[in-house]
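One letter stands for each residue in the lines below.
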Amino acid sequence: MKKIKLVLLFGLFCFLALQTVIYVVRKPSYTIKTNGKLYIVNKLSSTIMVFDLNQGKELANIAIEVEPHEPTTLTNQNKVVVTNYGTPYILGKSITVINTKNNKVEKTINLEGSIAPHGIVAFPKSNKVGVVTDLGNNLLVVNVETGIVEKKIKTQQIVSHLLVLDPNKPLAYVTNINSGSVSVIDLEQDKVIKIIPCGFKTEGIDITPDGSEIWVTNNKENTISVINTATYQITNTLTTGKESLRLKFSIDGKHCLVTNSGDGTISVYDQHTKKQIKTIQIHGKTTLLERILYHTPRPVGILMHPNGLYAFVANSNANKIEVIDMRTFTLVSTIGTGKIPDGLTFVK
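The structure displayed is predicted, hence computed values, not measured ones.

Considerations on the overall build of the protein chain
Within the protein chain one finds two helices and 28 strands. For 348 residues, the compact-globule estimate of 2.2 N^0.38 gives 20 Å, and the C-alpha radius of gyration of the protein chain, at 21 Å, lies within 12% of that figure. For the protein chain, the C-alpha atoms occupy an extent of roughly 85 × 45 × 40 Å along the three principal directions. Evaluated residue by residue, the protein chain yields a buried proportion of 56% over its 348 residues. Counted over contacts in the protein chain with a minimum sequence separation of 6, partners at least 24 positions apart contribute 41%. Counting every atom, the protein chain has about 15,500 Å² of accessible surface; 55% of that belongs to carbon and sulfur.

See below:
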């Protein structure tokens, strides 16, 4: 009986020791200093966390009524606007406007029957945002000041998810997951002028700073389609990691980072040569010990700091933001978040 008690006590000691080690290893550690504030969308928590990148601390945690997904910042930096996507049980039909001076919800704008808003971008030098909806497949132009949906343009495709604006022309490019395509929408004519077939489950999208190329991820093919914006032709098809969800160009346009949610990696590509130059592995998948000590990594949303020095990647399974040094393409810091972080935006 005494030996059994000793074995049980030893087992309990080992268990508690392991839990302590796991807690210490998984604890976020923010060790850098840079300017600005990061607004982090926590989907399952239904909150927006505001994190000061210089002080290294949380400034606010803003509750959102319906599960949010993607945010954007208006040009004048005074407002962050978030899409309220919803859940399988409560469908979202609105966007939330947050005042960045006091980090309070200023208003909620109803999207007049457009359901499951997801992708969102701010129009330059404007109080307007563009929003795409998964259900209804619309591109909406919404005036944030008046709360009016000024335009509703059909994408002519299915499950329209994310979008970018052309820096030189009045065009929006929208990815359509179920159609495996990109809709090119003329914002002056208010209509689709081209549909570009891409791959299976086209989702992530970004445009080079000079507007010459669009890169989109086809997450069930594990590929990127590179599209020439002058011809709307696919010029290259690049191989990615497993289930590539999002991508983002560096501020100087020389590199593109791609989050591979299925294998816990971030791929780094040279924009000019179209070659992959590095794979960044997030802890949690490479060895048995890592699998025990860390959460299984799932990188999703990605954002570049305007100073070009850092990239921020939402690791949704671990409830962390992974910080990448863009000079070395290495993980240098982490930020603790709410449950299932995803979309990110920056405020000066």
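Past the structure itself, the notes keep going.
Quick look at the pairing of strand β17 (residues 213–218)
The element β17 is extensively covered by neighbouring structure, given that six of its six residues are classed as buried. With burial as the criterion, each face of β17 is covered, one bearing Glu 213, Trp 215 and Thr 217 and the other bearing Ile 214, Val 216 and Asn 218. The turn joining strand β16 (residues 202–207) and β17, which pair antiparallel and follow one another in sequence, is formed by five residues; a positive phi near 80° is taken by Gly 211. Here six bridges tie β17 to strand β18 (residues 223–228), and the two strands are oriented antiparallel to one another. Bridge assignment links Val 216 to a residue of β18, and that residue is Ser 225. Where β17 hands over to β18, the hairpin turn is made up of four residues, of which Asn 222 adopts a positive phi near 60°.

Focus on the packing of aromatic side chains
Evaluated as defined, the whole model comprises three aromatic pairs. Taking 5.0 Å as the distance between ring centres and 80° as the angle between the ring planes, the aromatic pair formed by Tyr 30 and Phe 51 counts as edge-to-face. Placement of the pair is Tyr 30 in the loop between α1 (2–26) and β1 (37–42) and Phe 51 in strand β2 (residues 47–52), with a sequence separation of 21 residues. Here Tyr 30 matches Phe 51 in class, with each residue buried. The ring of Tyr 310 carries the charged tip of Arg 327 above its face, separated from the ring centre by 5.8 Å.

Some words on the pattern of salt bridges
Counted under the stated rule, the structure contains ten salt bridges. Across the pair Lys 79 and Glu 106 runs a salt bridge, and its minimum N-O distance is 3.5 Å. Placement of Lys 79 in strand β5 (residues 79–86) and of Glu 106 in strand β7 (residues 104–110) is noted, with a sequence separation of 27 residues between them. Look at Glu 106 and you get partly exposed, because its relative accessible area is 36%.

Examining the state of the cysteines
Per the stated rule, a full pass over the model turns up zero disulfides. Here Cys 198 is not cross-linked by a disulfide; its sulfur's nearest cysteine counterpart is in Cys 256, at 14 Å.

Focus: the sheet that holds strand β10 (residues 138–143)
Across the sheet, which stays open at both edges, the four strands sit in the order β8-β9-β10-β11 with antiparallel pairing between neighbours. Of all the strands in the sheet, the pair left with one neighbour each is β8 (115–122) and β11 (148–154). Taking the axes of each pair of neighbouring strands and ignoring which way they run, one obtains an average angle of 25° across the sheet. Strand direction decides the pairing type here: β10 and β11, joined by six bridges, are antiparallel. Residue pairing in the sheet places Asn 143 in a bridge with Ile 148 of β11.

What to know about the nonpolar core
Counting 18 residues, the largest nonpolar core has Leu 38, Ile 40, Phe 51, Leu 53, Phe 312, Ile 321 and Ile 335 as the members making the most contacts within it. Put simply, the parts of the chain that give this core at least two residues each are β1, β2, β24 (299–304), β25 (310–315), β26 (320–325) and β28 (341–347). Here the element with the most residues in this core is β25; it accounts for three residues. The contact partners of Ile 335, leaving out residues within four places of it in the chain, are Pro 28, Tyr 30, Leu 38, Ile 40, Met 49, Phe 51, Leu 53, Asn 319, Lys 320, Ile 321 and Val 323. Among the nonpolar cores identified, the runner-up in size contains 14 residues, and Val 81, Leu 111, Val 144 and Val 149 belong to it.

Quick notes on the environment of Met 326
Mapped onto the elements, Met 326 comes out in the loop between β26 and β27 (330–336). Using a relative accessible area of 10% as the deciding quantity, one classes Met 326 as buried. Contact partners of Met 326, with chain neighbours within four places excluded, come to Ser 250, Leu 257, Met 304, Gly 308, Leu 309, Tyr 310 and Ala 311.

Quick notes on unusual backbone geometry
The backbone of Gln 77 shows a phi angle near 70°, a positive value even though the residue is not glycine. With respect to the helices, strands and loops of the structure, Gln 77 is situated in the loop between β4 (68–73) and β5. Phi is positive for Lys 201, close to 65°, though the residue is something other than glycine. Within the element layout of this structure, Lys 201 appears in the loop between β15 (191–197) and β16.

Describing the side chain of Gln 271
Structurally, Gln 271 is set in the loop between β22 (265–270) and β23 (276–281). Those residues in contact with Gln 271, other than ones at most four positions away along the chain, are Thr 208, Glu 213, Trp 215, Phe 249, Gly 253, Lys 254 and His 255.

What counts and what doesn't
- Residues numbered from 1 in each chain as written.
- Predicted model: local features only at pLDDT ≥ 70, side-chain atom pairs only at ≥ 80, totals over all residues.
- Heavy atoms only, no water.
- Helix = DSSP H or I, 4+ residues; strand = E, 2+ residues; numbered from the N terminus.
- Rg over C-alpha atoms; globule rule 2.2 N^0.38 Å.
- Buried < 20%, exposed > 50% of the residue type's maximum accessible area, 1.4 Å probe, protein only.
- Contact = heavy atoms within 4.5 Å.
- Areas by Shrake-Rupley, 256 points an atom, 1.4 Å probe, with all protein chains shown as cover.
- Pairing = 2+ DSSP bridges.
- Phe/Tyr/Trp six-rings, centres within 6.5 Å; stacked < 30°, edge-to-face > 60°.
- Lys NZ or Arg CZ within 6 Å of the ring centre and 35° of its normal.
- Salt bridge = Lys/Arg side-chain N within 4 Å of Asp/Glu carboxyl O.
- Disulfide = S-S within 2.5 Å.
- Axes fitted to C-alpha atoms, helices over the stretch in contact; angles between N-to-C directions.
- Core = buried A, V, L, I, M, F, W, Y, C linked by side-chain atoms within 4.5 Å.

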